[in-house]
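Okay, here's what each chain looks like letter by letter:
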2 protein chains.
Amino acid sequence: MASSSLTLSKAYLAQQPSYERCSPRPADHHVSFTPRRDLPRLRVRRRICVRASSAETDVVEKSVNTIRFLAIDAVEKAKSGHPGLPMGCAPMGHILFDEVMKYNPKNPYWFNRDRFLLSAGHGCMLHYALLHLAGYDSVKERDLMEFRQWGSRTPGHPENFETPGVEVTTGPLGQGIANAVGLALAEKHLAARFNKPHFDIVDHYTYAILGDGCQMEGISNEACSLAGHWGLGKLIAFYDDNHISIDGDTEIAFTEDVQTRFQGLGWHVICVKNGNTGYDEIRAAIKEAKTVQDKPTLIKITTTIGFGSPNKANSYSVHGSALGEKEVDATRKNLGWPYGPFHVPEDIKSHWSRHIPQGAALEAEWNAQFSDYEKKYPQEAAELKSIVTPNLPNGWEKSLPTYTPESPADATRNLSQQCLNALAKVLPGFLGGSADLASSNMTLLKMFGDFQKNAPEERNLRFGVREHSMGAICNGITCHSPGLIPYCATFFVFTDYMRAAIRLSALSEAGVIYVMTHDSIGLGEDGPTHQPIEHLASFRAMPNILMLRPADGTETAGAYKVAVENRKRPSILALSRQKLPHLPGTSVQGVEKGGYVISDNSAGNRPDVILMGTGSELEIAAKAGEKLREEGRAVRVVSLVSWELFDEQSQEYKESVLPSGISARVSIEAGSTFGWEKMVGPKGKAIGVDSFGASAPADVLYKKFGLTVDAVVAAAKDLG
Amino acid sequence: MASSSLTLSKAYLAQQPSYERCSPRPADHHVSFTPRRDLPRLRVRRRICVRASSAETDVVEKSVNTIRFLAIDAVEKAKSGHPGLPMGCAPMGHILFDEVMKYNPKNPYWFNRDRFLLSAGHGCMLHYALLHLAGYDSVKERDLMEFRQWGSRTPGHPENFETPGVEVTTGPLGQGIANAVGLALAEKHLAARFNKPHFDIVDHYTYAILGDGCQMEGISNEACSLAGHWGLGKLIAFYDDNHISIDGDTEIAFTEDVQTRFQGLGWHVICVKNGNTGYDEIRAAIKEAKTVQDKPTLIKITTTIGFGSPNKANSYSVHGSALGEKEVDATRKNLGWPYGPFHVPEDIKSHWSRHIPQGAALEAEWNAQFSDYEKKYPQEAAELKSIVTPNLPNGWEKSLPTYTPESPADATRNLSQQCLNALAKVLPGFLGGSADLASSNMTLLKMFGDFQKNAPEERNLRFGVREHSMGAICNGITCHSPGLIPYCATFFVFTDYMRAAIRLSALSEAGVIYVMTHDSIGLGEDGPTHQPIEHLASFRAMPNILMLRPADGTETAGAYKVAVENRKRPSILALSRQKLPHLPGTSVQGVEKGGYVISDNSAGNRPDVILMGTGSELEIAAKAGEKLREEGRAVRVVSLVSWELFDEQSQEYKESVLPSGISARVSIEAGSTFGWEKMVGPKGKAIGVDSFGASAPADVLYKKFGLTVDAVVAAAKDLG
C-alpha cells in the first residue's frame, strides 16, 4: 500500500480489529520500536482516536482557535511575521501536541521525547503557541508578546539556541525536513544499537510540517529520497498543501504531482482532504502512518492558508504580513472569538494543563525503565548515557594517532581516515560518511558496516551524491543527542552545494565535522570545476565555524582534537589529495592555538622575515625557510592552521607569533589571497591563486600558478 | 501516455503510419517547431530510423567502438580520467551526433543548432570523441592526446570557454541538466516570439545525458520539476542508468523509482533496456520523444559502465581511473579492436565526413530562410539578430533612470526594479525572475506577463522556491545566445543555496545578473537565518564575478550599467530592503571604477581621515563625514561599491582615492569585516558585523550592532 486517499485510508483502517482504532498499537516484541506491554497506558497515547465525541470536538475547536489567535495577535503586535501558516496548520498542530506526541514540557531535552520540526519555519508562531499551551517555560505569555523583538525567546524563525523546545533552527526552506531525516536516522540507529527484548529504551517518532516551499527546494527531495531508501518508518511528515506561496498560487511554478513523486521516493503517502476542520481525518492519517513501519509517511494535508480570515484567507497576502487591525477584528467575528489579544480561555488552559504531569510521568517512567536496563545491560547503558550527555569519555583524545617527521609521507585525507577510525573506537556517538566519495574522501570506518534499512546499527552513512541534505541530516543528528558526533565528507569545492546547511550548523551551534578533501588546485586533472579557490576565505568570513587546514599528520590529529571538543560549533577540515611530509615543529598544541611557530632561527622575537603557510603549502614555506636560513637569514615559519582559533588567543600570544614590528612577511596558500592582508600587512606579500584553476597534473599546476619554494624565497628577498 | 517501457514504446510506434518510421515528422504548420515542408530532406534527418540494415549496423558498431577506444586511449595516456561513461554511453552518443542532431562542425556557434550537454561531465571524453569524429576544429587528434594536460582544449571536465562545441561547463553534478532546462526554455521562448507561419526560424532540440549522480542531486529535481511545469517538449534527456556510482552499486544509497518520480514531475518517460547494443531501441525512443511536444522526455537507458572491459565493466573501478595497460589490451581483444591508440579507421572517418558539408548546408539553408524572414518581418529579424549577436543596442544605457539628491528616498530593491523595467524596454534579450520572492525582490517586468507553458513568449520567469536550479537555468539561458541577458533573484543570504551555480556563472563566463535583496541585518525581524553576514566577503573572494553593493538610485543604475556590459562575467547586486536617501556625490562613472570619492573637504590628497562604506552604510559614512567636518576635520568619504572594479583601476587612480600615506581610515559595512584590512590598513578600523544577526526591527539591530554615525565618528576620533 504505497499510498492512499483518505477514503482508501479509511478502508485500510476498517480492516484492522476495532480495538486498534482507539488504543495503542499492541506490543510486538519481534519488532523494534514498540511500546512495552507493561507500561501504563498513558492518556497521551490513548487519545489517538479515529472519532472524538462532540464535547471533545468543541474543546479541540476552541484550542485550535486559541492557537490561531495567539499567532494572529503576536504577528499583529510585532507588525511583522507570518500568520497564514499557523492559522491553516493549527488543527494538525493541536492534534500532534495535545493528542499524539510524548514530551515533557518541564524538560525539553528529555532524551526519549517525540521530536517536532517546523520545516516551514516562517510559521513559527504555530510552534510557539503550542509550546506555550503545553506548558514549556521557554514560551510564556510575555514571550509571545515579544515576538520578533530584540532579546526575546520568540525570534522570527525557530532557533534551537534561543528557545528550548525548538529542536533545530529552520527558516531557510527545505532544511527542516532534512533535519527531520537526521533525527529519525538517529532514532533508528540508536534503537537498533540499544533496544533489547522488553526494553525499547529508544522509541520515539519524528514529526515535521513542511510547506510548498520546502517541497520545491532540491534539498528536500534529496533528504526524502534517503529517508525512503533507509526506510525511516518513524518519520511522519505533514505536507501543508495550501496552494499558496509568496508569489501567489502555486499554479504559477509548482504543478508537479507531489504524491506520485513521494511514491517514487519510497514513501507511504496519505491524503487528508480537509486539514482545516477534519480532525478525525488527521487522527486517522497519523494512526495509519504509525502502522507503516518500513517507510516514512507523507501526510499530504490540504489546508487553507490564513483559515478564518474572511478577506485574506487563501491568498498570499496572509502569508507574510500582519492581518491588520480591521481584518483581525473581522477574523475574530468570523471564528466567533470573543477574547482579547493573547487570551487563552480558562477551559483551554485547564485542558492543556495535564501535559505537565503527564510529561513528568513519561520521563519518570522512562527513567525507571532505564534504571532496570542499566542493571541488566550495564555496558550498553553506559554507552547510551555517554550519547545522551555532552560529556566526552575520559582520555578519548589519547586515541588519536601520533606522527614524527620520520613517519611516511601521506595525504592528509589518508591521515584523516586514521583519525576517524581511531575516534570511532572511543566515541560511542561517532558516525558519518560521504556524498558518494568515501573512497576519495577516505571516510570509511573499517570496524563498522554501512547504515542501511536493515542494518541501522552500523555507522558508515552512505549519502549518495546529495551534499546539501548530507549537511542538514548531520545537523539533525547533532541536534538529536549531545553525544552524537556526525562527520560528513565531499570534495572541498562542493561545500558550495551544501553551504546553506553548513551555515545552519554554525548558527544553530551544531558541532558537525566537515571532512573536505581535495582542498586546492593540488587535486590536479579534474580541473577548475573541482578546484576550490575562494572557499577557505569564504568560511573564514563565516561566524561560529572553525576552518582548519592541517599540514601533516600531527596537525590533522590536532584538527580532530579541536573538532571533537567543539560541540557548539562546526569544524571544516580542508585536506589534501596529494602526499605531504610530516614537518618538524608541528604540534597538536599549536593547532589548538590556531597559529604558531613551527621553526625559527631568530632571536628576541625579531626575525628578518616571517613565512606563513597552511595545509599543503606549509611544506613549501618550511623549505623556503631552510633555503633562506642557508643564506644567513633569520627566518620564522608560522603555521596558520585555523585563523579563528588564532584570533581568540591573547594579544600577547599573537604578538609572540606575528610581532607587529616585523613587516617582512610572506604567506603562501593554494587559494584566494583575499583576507591575507590581515596576516601579511600592507608591506607583505601573499602568494596564492586569485583566478580559477586549470586541468593538468598537480605538480604542473603548482609551478604554473607560482606556488613554489623559489617564489617564496624571491618574495622574501624582495621585502629586503 | 505519461510513460512507457520499450515494449510500450514499440506498440506506440506501431500505431504510426509506416512512413513515419524512417522519415522526418510531416510538417504541421498549426504547431510550432516543425521543419519546413520545402526544406531539402537531409540525410541527417532522414536517418532517424527504427531499423537499420545490417551493413549500416556494422558501421554503427565500429563507430561506437571508435568512440569507446578514443576515450579509453585518452584516459590511458593521461593516466587520469573517466573511461566508464564513454564506454557505456557511446551508442547513444553515436546515434545523437551521427543520426539525429543538426549542427555545423565548422561553426559551433550556429544559432539554430541542436544543443547537447553532458550533465555527467566527468565522461567528457565521450563528447570530445564525438566532436572529433564530427569534424570540429576544436578537437583534433592532438587535442585528444593532450587530454587533461596544461593548455589543452580537452580539460578534465567539459568547459565551454576552452572547447568550442561544448555548450556549457559541467562536472559538478546536476548542473548540466539544469543548464539544459535553461537552453530549452530559451528555445521555447525565442520560438514563441520569433517564429511565424512558414518560418520556424527558431527550431532546435536540447539533448542531455545525465547519470545517477545528477539524479541524486537536488538541483536536478528542481530543474526537472520546472521543465515539466513549463512543458519543455523539445528537451530530451538520457538518464544513463548504469547502477554504478563512485561508492559502488547505487543500491547502497539510491533505490528510489526514478521513472515514477519523473512521471510526478510531469515528464514523458521512456525506458530503453539495452543501451549497450540496442541501437534500434535508442532510435525508437528518440523518435517517440519527438512526438511528445508538450512534455520533456526522460529516456531511462540501461547501460553497462565500462562496456567491453572484460574485468572492469559494471564496477566502480572503471568509473574514474584509467583501465591500465593490461585491461586496455583485454578490452581491445574483447571488442575485436585491432587498431592502435587514437586510431580512427578510414571507413569511420569517411562515414562521419558528411557532417561537414551537411552542417554547412544546414546553416546555409537557415541563413537563406532567415534572409526571407528578414524581408517579411524586418523588425522581428532585427530583434532576433540582436539576440543572436553579443552587440548591445546603441544607446541602451540611456534608458537607465537618473536620480538627484532630491529624489524621494527608496530601498535599492525598488530602485532596482525601475532599472529592470527600463532595461526590458531596450534589451530584446532581457528576461528573468525570482525564486518565489518577486514581490520582495521587486523583479517583475511590468510590461510583460509570466513565461508559462502556454505563454512562452513572456519574460517574467517564475522559478518557485528553487534557487539552485534558478542559477543554473540562467547559466543555460546565457549560453544559448550571446544577446540573452537573464537576471534572477532571491534574498542575498540564499545565495548559499545556489552558490555552486553562481560559481559556474563565473567560471563559464556567463554574464547572469544576480539581483540579491535584503542584503544585511537591515532586513530586520526575520532574524539571523535570513541575514547575510559573510556573503559580501565570500563573493569578493570568488574569481571572475562582480560583487556590487550600490548605495542609492544613481549607484543602482550604475551597477546595472556595469552588469549589462559585463557579458563575460556575472554580477551580483546586493540591494537593501530598507529606504535609503539619494546621496550627493554618487555617480555612474564612480560605480564603473568600483571605488570613488563621494565627498571631500581636504586639499592636496591629504585628508585627516578617510571614511568608507558600501550600500546602505554609505549614508552612515556620509553623515559621519558631515559631523566630523562640522568639528573642523578634513574628511574624505569613499564609496567602495565594487572591490573588483576598484582593483582593476590604475595604481595612480587608486592612490587618488585611498592615498597610501593616510592611515586614519574607518570603514562601515553591515557584514563581516573579513577582508577590510586591505582597505583600512593595520591602523584603521573596520566597523561591521562579525557574528550572526538577530531577530528585531532593523533600526534596533543597527544600534545594537554598532552600525551608527556615532560609532564612525568615535572610531575616526580614536585614530587621531
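Residues numbered from 1 in each chain as written. Chains lettered and ligands numbered in written order. Predicted model: local features only at pLDDT ≥ 70, side-chain atom pairs only at ≥ 80, totals over all residues. Heavy atoms only, no water.

## A closer look at the overall build of chain A
The criterion, for reference: Helix numbering and strand numbering both begin at the N terminus, where a helix is a DSSP run of H or I of at least 4 residues and a strand a DSSP run of E of at least 2. Radius of gyration: over C-alpha atoms. The globule rule applied is 2.2 Å multiplied by the number of residues raised to the 0.38 power. The buried label applies to any residue whose accessible area, calculated with a 1.4 Å probe on protein chains only, is under 20% of its type's maximum; exposed applies above 50%, and partly exposed to all values in between. Throughout, a residue-residue contact means that at least one pair of heavy atoms, one from each residue, lies within 4.5 Å. Shrake-Rupley sampling with a 1.4 Å probe provides the accessible areas, and residues are treated as covered by the protein chains on show and by no other component. Under this rule, positive means Lys or Arg and negative means Asp or Glu; His and the chain ends count for nothing. Here the site of a charge means NZ on Lys, CZ on Arg, CG on Asp, or CD on Glu.
Summing up its helical and strand segments, chain A has 29 helices and 21 strands in all. Taken over C-alpha atoms, the radius of gyration comes to 28 Å for chain A, in line with the 27 Å a tight globule of 720 residues would show. Along the three orthogonal principal directions, the C-alpha set of chain A runs to about 95 × 60 × 45 Å. By the burial criterion, 69% of the 720 residues in chain A qualify as buried. Contacts in chain A between residues at least 24 apart in sequence constitute 77% of all its contacts with a sequence separation of at least 6. Working note: accessible area of chain A is about 21,900 Å², and carbon and sulfur atoms make up 51% of it. Looking at charge distribution, chain A has the averaged site of its 76 positive side-chain charges lying 3 Å from that of its 82 negative ones.

## Quick notes on the UniProt feature "binding site: thiamine diphosphate" (unreviewed entry) in chain A
Residues and elements named next belong to chain A. Worth spelling out the cut-off: UniProt positions are given in the numbering used here, feature names are shortened, and annotations may be inferred rather than shown by experiment.
As annotated in UniProt, the feature "binding site: thiamine diphosphate" (unreviewed entry) corresponds to His-122, Gly-171, Pro-172, Leu-173, Gly-213, Asn-242, His-319 and Phe-494 in the numbering used here. These annotated residues cover 373 residues of sequence, and their C-alpha atoms reach 34.1 Å apart at the extremes, leaving them scattered rather than at a single site. Along the polypeptide, Leu-173 turns up in the loop between α7 (141–145) and α8 (175–194). Using a relative accessible area of 17% as the deciding quantity, one classes Leu-173 as buried. Its place among the elements puts Asn-242 in the loop between β4 (235–241) and β5 (244–245). Excluding its chain neighbours within four sequence positions, the residues that come into contact with Asn-242 are Asp-212, Thr-303, Ile-305 and Asn-314.

## Comments concerning the sheet that holds strand β13 (residues 513–517) of chain A
Sheets are built from strands paired through backbone hydrogen bonds, the pairs being either parallel or antiparallel. Residue and element names in this part refer to chain A. The criterion, for reference: Only when DSSP finds a minimum of two bridges between them are two strands counted as paired. All axes here are fitted lines through C-alpha atoms, helices being fitted over the stretch that makes contact, and every angle between N-to-C directions spans 0 to 180 degrees.
Ordered in space as β11-β10-β12-β13-β15-β14, the six strands form an open sheet in which the pairing is parallel. A single partner strand is all that each edge strand has here, and the edge strands are β11 (460–462) and β14 (546–548). Going across the sheet, the axis of each strand differs from the next one's by a mean of 20°, ignoring polarity. Pairing analysis gives five bridges linking strand β10 (residues 430–434) to strand β12 (residues 485–491), with the strands arranged parallel. When the sheet's bridge partners are listed, Gly-432 is paired in β12 with Tyr-487. With respect to the sheet, helix α17 (residues 412–426) is in contact with β10, β12 and β13, its orientation differing from that of β10 by roughly 150°.

## Some details on helix α6 (residues 124–134) of chain B
Counting along an α-helix, one turn takes 3.6 residues, and residues three or four places apart therefore face a common direction. Residues and elements named next belong to chain B. By the criterion of burial, α6 is predominantly enclosed, with eleven of the eleven residues buried. Listing the buried residues of α6 in full gives Cys-124, Met-125, Leu-126, His-127, Tyr-128, Ala-129, Leu-130, Leu-131, His-132, Leu-133 and Ala-134. Remark: Gly-135 follows α6 within two positions and exhibits a positive phi of approximately 100°.

## What to know about the state of the cysteines
We count it as follows: Cysteine sulfur atoms that pair up within 2.5 Å are treated as a disulfide.
Under the criterion given, the structure shown has zero disulfides over all chains. No disulfide involves Cys474(A); its sulfur sits 4.0 Å from the nearest other cysteine sulfur, which is in Cys488(A).

## Side note on the interface of chain B and chain A
Convention followed: Buried area is a sum: the accessible area each of two parts loses on coming together, probed at 1.4 Å, counted once for each and added. A carboxyl oxygen of Asp or Glu within 4 Å of a side-chain nitrogen of Lys or Arg is what we treat as a salt bridge. Under the rule applied, a polar contact is a pair of N or O atoms within 3.5 Å (in protein, one hydrogen donor and one hydrogen acceptor; residues adjacent in sequence only if both atoms are side-chain atoms). As a working rule, the residues Ala, Val, Leu, Ile, Met, Phe, Trp, Tyr, Cys and Pro are called nonpolar, Asp, Glu, Lys and Arg charged, and the rest polar, with Gly in that last group.
With 98 residues of chain B at the interface, the matching set in chain A holds 98 residues. Both sides of the chain B and chain A interface together cover about 7,900 Å² of buried area, and 59% of this is carbon and sulfur. Our enumeration of links across chain B and chain A arrives at nine salt bridges. Close ionic contact of Asp526(B) with Arg148(A) constitutes a salt bridge, the shortest N to O distance being 2.7 Å. At the boundary of chain B and chain A, one finds 49 residue pairs in polar contact (both at pLDDT 80 or more). Considered class by class, the residues forming the side of chain B that touches chain A number 40 nonpolar, 33 polar and 25 charged.

## Looking at the sheet that holds strand β10 (residues 430–434) of chain B
Residue and element names in this part refer to chain B. Read across the sheet, six strands follow the order β11-β10-β12-β13-β15-β14 without closing on themselves; strand pairing throughout is parallel. Edge positions in the open sheet fall to β11 (460–462) and β14 (546–548), since each of these has one partner strand only. Direction aside, the axes of adjacent strands within the sheet are offset by 20° on average. Relative to strand β15 (residues 571–574), β14 runs parallel, the two sharing three bridges. Pairing of Met-547 across the sheet is with Ile-572, part of β15.

## Notes on the packing of helix α19 (residues 467–480) of chain A against helix α20 (residues 499–507) of chain A
Residues and elements named next belong to chain A. Just so we agree on the cut-off: Orientation categories follow fixed angle ranges, with anything under 35 degrees roughly parallel, anything over 145 roughly antiparallel, 65 to 115 roughly perpendicular, and all other angles oblique. The handedness criterion is simple: a crossing whose near helix is rotated anticlockwise from the far helix by less than a right angle is left-handed, and one whose near helix is rotated clockwise is right-handed.
Running from N to C, α19 and α20 point in directions that differ by 20°, and their axes come no closer than 7 Å. Classed by the angle they form, the pair α19 and α20 counts as roughly parallel. In this structure, α19 meets α20 at a crossing whose hand is left-handed. Here His-468, Gly-471, Ala-472 and Asn-475 of α19 lie close against α20, whose contacting residues are Ala-500, Ala-501, Leu-504 and Ser-505. Here the residues of the contact of α19 with α20 sort into four nonpolar, four polar and no charged.

## Observations concerning the relation of the copies chain B and chain A
What counts here: Here the copies are superposed with least squares, the fitted atoms being C-alpha atoms of residues at a pLDDT of at least 70 in both.
In the superposition of chain B on chain A (RMSD 0.0 Å, axial shift 0.0 Å), the rotation amounts to 180°. The transformation relating the two chain copies, once decomposed into turn and shift, fits a two-fold axis. It is Gly218(B) whose C-alpha, among those of chain B, lies nearest the rotation axis, at 1.8 Å. Counting the interface residues of chain B, we find that 100% of their copies in chain A are interface residues as well, pointing to one common contact surface.

## Topic: the side chain of Ser315(B)
All names here are of chain B. The topology assignment puts Ser-315 in the loop between β8 (297–302) and α13 (325–334). Here Lys-312 takes part through its backbone oxygen, which lies 2.9 Å from a polar atom of the side chain of Ser-315. Non-local contacts of Ser-315, meaning those with residues more than four positions away in its chain, are made with Ile-244 and Ile-305.

## Quick notes on helix α10 (residues 218–230) of chain B
Residues and elements named next belong to chain B. In plain terms, the rule: Given a helix with a known number of residues, its expected span is that number minus one, times 1.5 Å.
Counted at 1.5 Å a residue, the expected span for α10 with its 13 residues is 18 Å, and the 19 Å between its end C-alpha atoms agrees. A large share of α10 lies buried, amounting to 13 of its 13 residues. Just past α10, the residue Gly-231 takes up positive phi, approximately 60°.

## Thoughts on the domain arrangement of chain A
Residues and elements named next belong to chain A. Applied cut-off: The start and end points of each domain follow an automatic or database-based domain assignment.
By the assigned domains, chain A splits into domain 1 (7–34 + 49–136 + 165–358), domain 2 (396–580) and domain 3 (594–718). A C-alpha centroid distance of 25 Å is found between domain 2 and domain 3. With 27 residues of domain 2 at the interface, the matching set in domain 3 holds 33 residues. Across the domain 2 to domain 3 interface the summed buried area is about 2,300 Å²; carbon plus sulfur atoms make up 57%. With a closest N to O distance of 2.8 Å, Glu-617 and Arg-549 form a salt bridge. Linking domain 2 with domain 3 are 16 residue pairs in polar contact (both at pLDDT 80 or more). Those elements giving two or more residues to the side of domain 2 that touches domain 3 turn out to be α21 (535–540), β14 and α22 (553–565).

## With respect to the pattern of salt bridges
By the definition in use, this model includes 70 salt bridges over all chains. In this structure, the salt-bridge partner of Arg540(A) is Glu669(A), at a minimum N-O distance of 2.7 Å. You can see Arg540(A) sitting in helix α21 and its partner Glu669(A) sitting in the loop between β20 (665–668) and α27 (677–680), a full 129 residues away along the chain. Here Arg540(A) and Glu669(A) have matching classes, each one buried. Salt-bridge contacts for Lys717(B) lead to Glu631(B); the nearest nitrogen and oxygen are separated by 2.9 Å. Of the two residues, Lys717(B) is situated in helix α29 (residues 709–718) and Glu631(B) in the loop between α24 (618–630) and β19 (635–639); the sequence distance between them amounts to 86 residues. Look at Glu631(B) and you get partly exposed, because its relative accessible area is 43%. A single salt-bridge network, built from bridges that share partners, covers Asp496(A), Glu534(A), Arg499(B) and Arg503(B).

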